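# Topology and contacts: notes
The lines below spell out each chain.
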Amino acid sequence: MERLKGKAARVDFIYYVWLFILTAVFGWLWEGFLYLFKDEMYVNRGFLTGPWLPIYGIGAVTLELWFHRWRDHPVRIFLLSMLFCTLLEYVSGWYLESAWGIRWWDYSKMPFNFQGRICLLSSLLFGLGGMLLVWVFSPLFYSMYIRIPDRVRVSIGLLAVLLFAVDATYSAVLPHVGEGVTYGIG
């Protein structure tokens, strides 16, 4: 798989674990800071207890797997990222509402929203974020990742999988809810 100009490299499962965790943590920080500025209080926005939003990790890994071959076509990546991530957000919102009867986000007051689950502004930001991920962040991250010794990469990756699995298992029974995190339905 071509990852860097002129260099063929083997990309393993642990690379995608790192990408998932880093972008899930980034998403958690991003949304936390947005709400800090909006509501003047920090809120853990996820349904998990830990410092990660898996929708960001799933989106990032999927975008990298599907779109890295178009790295030299940022407009194409923007449009495809916008479409895929909007669909991912809609389906995720629908699933979370169906499973727990709770809404973790609500765009009802945003212009050009659909059922409060998605809106045009978020879709445009998804396109921009996906383009930056595939075009800029992923190649930069990969060049740093390959400099980490294999043993360290694998150890940290497996520890991250274990911590995430424990949190996901716990949160499947007791999802993170509360003021500023969730919205009642209906």
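Starting from 1, residues in each chain are numbered consecutively following that chain's sequence as written. Only residues with pLDDT of at least 70 are given local features in this predicted model, and only at 80 or more are side-chain atom pairs given and counted; all residues enter the totals for whole chains, interfaces and linings. Only hydrogens and water are set aside; all other atoms, that is, all heavy atoms of the structure, feed into the side-chain values.

The next subject is the confidence of the model for the protein. Looking at any residue, its pLDDT shows the predictor's confidence there, from 0 to 100. Put simply, the protein has an average pLDDT of 88, and 90% of its residues get 70 or more. Only DSSP runs of H or I reaching four residues or more are called helices, and only runs of E reaching two or more are called strands; each is numbered from the N terminus. By mean pLDDT, strand E2 (residues 7-8) is the weakest element of the protein at 40, and strand E5 (residues 118-119) is the strongest at 97. It only takes one pair of heavy atoms within 4.5 Å for two residues to be counted as in contact. Taken as a whole, residues 1-9 scores under 50 in pLDDT and shows 20 contacts with residues more than four places along the chain or in a different chain.

Turning next to unusual backbone geometry. Phi at Phe-112 takes a positive value of approximately 55°, unusual for a residue other than glycine. Mapped onto the fold, Phe-112 is located in the loop between strand E3 (102-103) and strand E4 (113-114). Using a 1.4 Å probe on the protein chains alone, a residue whose accessible area is under 20% of its type maximum counts as buried, one over 50% counts as exposed, and one in between counts as partly exposed. Given a relative accessible area of 67%, Phe-112 falls into the exposed group. Here the phi dihedral of Gln-115 falls at roughly 55°; this positive angle occurs in a residue that is not glycine. Within the secondary structure, Gln-115 sits in the loop between E4 and E5.

Moving on: the nonpolar core. Buried Ala, Val, Leu, Ile, Met, Phe, Trp, Tyr and Cys residues form a nonpolar core when they are joined through side-chain atoms within 4.5 Å. Counting residues in each nonpolar core, the largest one holds 29 residues, and the members touching the most others are Tyr-15, Leu-19, Ile-21, Leu-63 and Tyr-145. Counting residues per element, the ones that place at least two in this core are helix H1 (13-39), helix H2 (54-67), helix H3 (74-100), helix H4 (120-145) and helix H5 (150-173). Here the element with the most residues in this core is H1; it accounts for nine residues. If near-sequence neighbours (up to four positions away) are discounted, Leu-63 is found in contact with His-68, Ser-81, Phe-84, Cys-85, Gly-130, Leu-133 and Val-134. Residues Trp-104, Trp-105, Tyr-107 and Cys-119 belong to the second largest nonpolar core, which totals six residues.

Moving on, we get to the pattern of salt bridges. Definition used for salt bridges: Asp or Glu carboxyl oxygen within 4 Å of a side-chain nitrogen of Lys or Arg. Within the structure shown, the criterion is met by five salt bridges. The residue Glu-97 makes a salt bridge to Arg-103 at a minimum N-O spacing of 3.0 Å. On the basis of relative accessible area, Arg-103 is assigned to the buried category, the value being 12%. For Asp-150, the salt bridge goes to Arg-153, with nearest N and O atoms at 2.2 Å. Residue Asp-150 and its partner Arg-153 are both found in helix H5; the two are separated by three residues, about one turn of the helix.

As a further point, take the side chain of Arg-153. Taking relative accessible area as the criterion, Arg-153 reaches 10% and is therefore assigned buried. In terms of polar contacts, Arg-153 uses its side chain to reach the backbone carbonyl oxygen of Tyr-145, at 3.2 Å. The contact partners of Arg-153, leaving out residues within four places of it in the chain, are Ile-14, Trp-18, Tyr-145, Ile-146 and Ile-148. Here a polar contact is recorded for every N or O atom pair within 3.5 Å, except that within protein the pair must consist of a potential hydrogen donor and a potential acceptor, and residues adjacent in sequence are included only if both atoms are side-chain atoms.

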